[in-house]
Amino acid sequence: MNESRKNIIQLVIIAVAVIFLVKLFSIQVLDDTYAQAATSNIIQKVVEYPYRGTIKDRNGKLIVFNTPQFDLVVTPKEVKQLDTAKFCELFELTKEELKEKYQTLRKTRGYSYVKPNAFIKQLSEADLARIQDYLIDFPGFDIQARTTRAYTYPVMANALGYVSEVNKRQLDRDTAGYYRQGDYIGQSGLESYYENQLRGKRGVKYKKKNVRGIEMGDFEDGRFDTLAVRGENLITTIDIELQRYGEELMDGKAGSIVAIEPSTGEILSIVSGPTYDPADLTGKSYSKNFYRISSDSLNPLFNRPLMAQYRPGSIFKIIQAMVGLQEGVINKQTYIPCVMYPMKCHYHGPGETLVGAITHSCNPYFYNVMKRMVNQDVSEDPFEDTRIGLKKWNEYIESFGLGSPLGIDLPNEKSGMVPSVAYYDRAYGGRPWKYSNIYSIAIGEGENLVVPIQMANFAALVANRGYYYIPHLVKSVGDSGEPLARFTEKHQTMVDSKYFDIAVEAMSNVVKEGTGQYRAKLKDIEVCGKTGTVQNDPLPDHSVFIAFAPRDNPKIAVSVYVEDAGQGARAAASIASLMIEKYLLGGTERPQIEAYVKKGDFL
């Protein structure tokens, strides 16, 4: 009996020993979980953020580049006996601010107790130099290198856009799973539109550290590392010197300047006023500056060339003339008396033929042009006749690139409005309407709305005698790339090119002897332009001017809107002609006009 019990005990001991041996073998040889856990205490995964692509002007001048910045990251599990007083002194924080940062961190999406989390962001090189020798005293804290945007010139803020940390809404929409909490993303302008090209691809490195947190080199000689891939560079169509000059002229004013190369649709300058320094939305002061800029009553973040919608005013008369010629309701010799009814007009003589009517901006003339276009007695019912005519008119106007976004390579482009039959049906609540109810649109007032980029494109369209390319800001993606294919497609209007010769002649006369002669005429360059004075009750009128130059083989087309500045022949014509001089001659030969614009006393 005792012998049997002894055997059983021995068997149990042997069995337990075998189990322990098998388990030990499994742990040490077959299963590397524990080895990984031990290794993870000394291996740190470091995200390598790529350099974002740079942005240059059409001549290769650097506009946007990258500059180093650093994030202080914390791995909460590794923090030991933090000396809060010393920490606050080093990082210039109060104890309340430190506590708040910890509380905010714990609520952040993606927070990890065992992995690095961004704690203080966007430290400069000077900040790093001041603190790096003391980091050894704060286990669990480390530095992660990044870059931020920097700017060669304090211009073009709205067109360039800005970069900031990805937000929750953007993370939720990121179906590809590229972005993570703490990543940066283009939020507006070119930075947003070309985000996929500019952002590059992140990499990762694995670093060995000892128990004191001192780096001991690459883990496994970098065998598991992946290199970051820098983003692609953008070569823009912008002439940065022309852009700087335009912003100088628009300083202290509200409005826009858009300049285009007609033969390509390339945007030479795009100015929105008022504006801000793009460097204000980088670095540690981003949040404070964003609040200041976004709270400004003048709305510097509002990109007027793409988002402001104005009545076109008298520049719309050129479009009316082209449509009337194509429809055959007028010709170059058509004479219409200026009877001051039903529209008033400034006195310029008893009547005009077409070129004179454009030159002197005769309101009654274009009232009658549109009436002949819309009411062609297609129907015996005058109400139905207007509906039929307006529908055809609408198709013509839309072929000029109006009434819908052109498709520029920037976000948030507005469409403007070309009033349609459906629009007036809604406006009159089903009641009948006819031409006498809508005639203000004949001279670019009433319900017409255009965006400044559309009017610059229209100037380019006339310069090309009837066609345009979609305006765009990027000449190539990558230093040897090409623009997007849609920017090389020619868009033809519904008006024959032969009629545009009449528009060109008339616009030349506007500057030679008409409303633009005093401030838009240049000595050795034939400028073709058209003034506009846009109603803005109860405030002063907006000053509007479109132009291109030279008359033959045009190199530049411009639209200028200056809000609350009165007649188009003053502020807008002056600015447009100065931009033309700057681009074609390198500077102005009329310092008195430049001084007039910079003073800004237009009324």
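Refer to the preceding data block for the structure.
**As for the packing of aromatic side chains**
Summed over the entire model, instances satisfying the criterion amount to 23 aromatic pairs. Measuring from centroid to centroid gives 6.3 Å for Phe-400 and Phe-500, while their planes differ by 45°, and the two rings are tilted. In this pair, Phe-400 sits in the loop between helix H16 (382-398) and helix H17 (421-427) while Phe-500 sits in helix H20 (residues 500-512), placing the two residues 100 residues apart along the sequence. Like Phe-500, Phe-400 is buried. An aromatic cluster is defined as three or more aromatic residues linked by ring pairs; in this entry it consists of Phe-87, Phe-91, Tyr-102, Phe-119, Phe-138 and Phe-141. The positively charged end of Arg-146 is found above the aromatic ring belonging to Tyr-184, 4.1 Å away from the centroid. Lying over the aromatic face of Tyr-245, Lys-582 brings its terminal NZ or CZ to 5.5 Å of the ring centre.

**Things to note about the pattern of salt bridges**
Side chains that carry opposite charge are capable of pairing whenever their charged atoms lie near each other. Enumeration over the complete set of coordinates arrives at 29 salt bridges. Taking the shortest distance from any N to any O, the salt bridge between Lys-61 and Glu-241 comes out at 3.3 Å. With Lys-61 in the loop between strand S2 (55-56) and strand S3 (62-74) and Glu-241 in helix H10 (residues 240-250), this pair connects stretches of sequence that are 180 residues apart. By relative accessible area, which is 33% here, Lys-61 ends up partly exposed. Between Arg-465 and Asp-501 there is a salt bridge, with the nearest N and O atoms lying 3.9 Å from each other. A residue pair is termed long-range when its members are at least 10 positions apart, and Arg-465 in the loop between helix H19 (452-463) and strand S15 (467-468) and Asp-501 in helix H20 qualify at 36 residues.

**Notes on a nonpolar patch on the surface**
Where nonpolar side chains cluster on the molecular surface, the patch consists of Ile-8, Val-12 and Val-16 and spans about 240 Å² of accessible area. As for its placement among the helices and strands, Val-16 is situated in helix H1 (residues 2-30). On the basis of relative accessible area, Val-16 is assigned to the partly exposed category, the value being 37%.

Here is what the cut-offs are and how they apply
Every chain's residues receive numbers from 1 upward, in the order its sequence appears when written. Totals for whole chains, interfaces and linings use every residue, but because this is a predicted model, local features are given only for residues with pLDDT of at least 70 and side-chain atom pairs only at 80 or more, for both listing and counting. Excluding hydrogens and water, the side-chain values take into account all heavy atoms of the structure. When two rings of Phe, Tyr or Trp (its six-membered ring) have centres within 6.5 Å they constitute a pair, described as stacked for plane angles under 30 degrees, edge-to-face for angles over 60, and tilted for the intermediate range. Numbered from the N terminus, helices here are DSSP runs of H or I no shorter than four residues, and strands are runs of E no shorter than two. Any residue under 20% of the maximum accessible area for its type is buried, any over 50% is exposed, and the rest in between are partly exposed; the area is computed with a 1.4 Å probe on protein chains only. We count a charge as sitting over a ring when the NZ of a lysine or the CZ of an arginine lies within 6 Å of the ring centre and within 35 degrees of the ring normal. The salt bridge criterion pairs a side-chain nitrogen of Lys or Arg with a carboxyl oxygen of Asp or Glu, the two atoms within 4 Å. Exposure above 30% relative accessible area and the absence of a salt bridge qualify a residue for a patch, where like charges join within 9 Å and nonpolar side chains (Val, Leu, Ile, Met, Phe, Trp, Tyr) within 5 Å. Throughout, the Shrake-Rupley method with a 1.4 Å probe supplies accessible areas, and for residues the shown protein chains are the sole cover considered.

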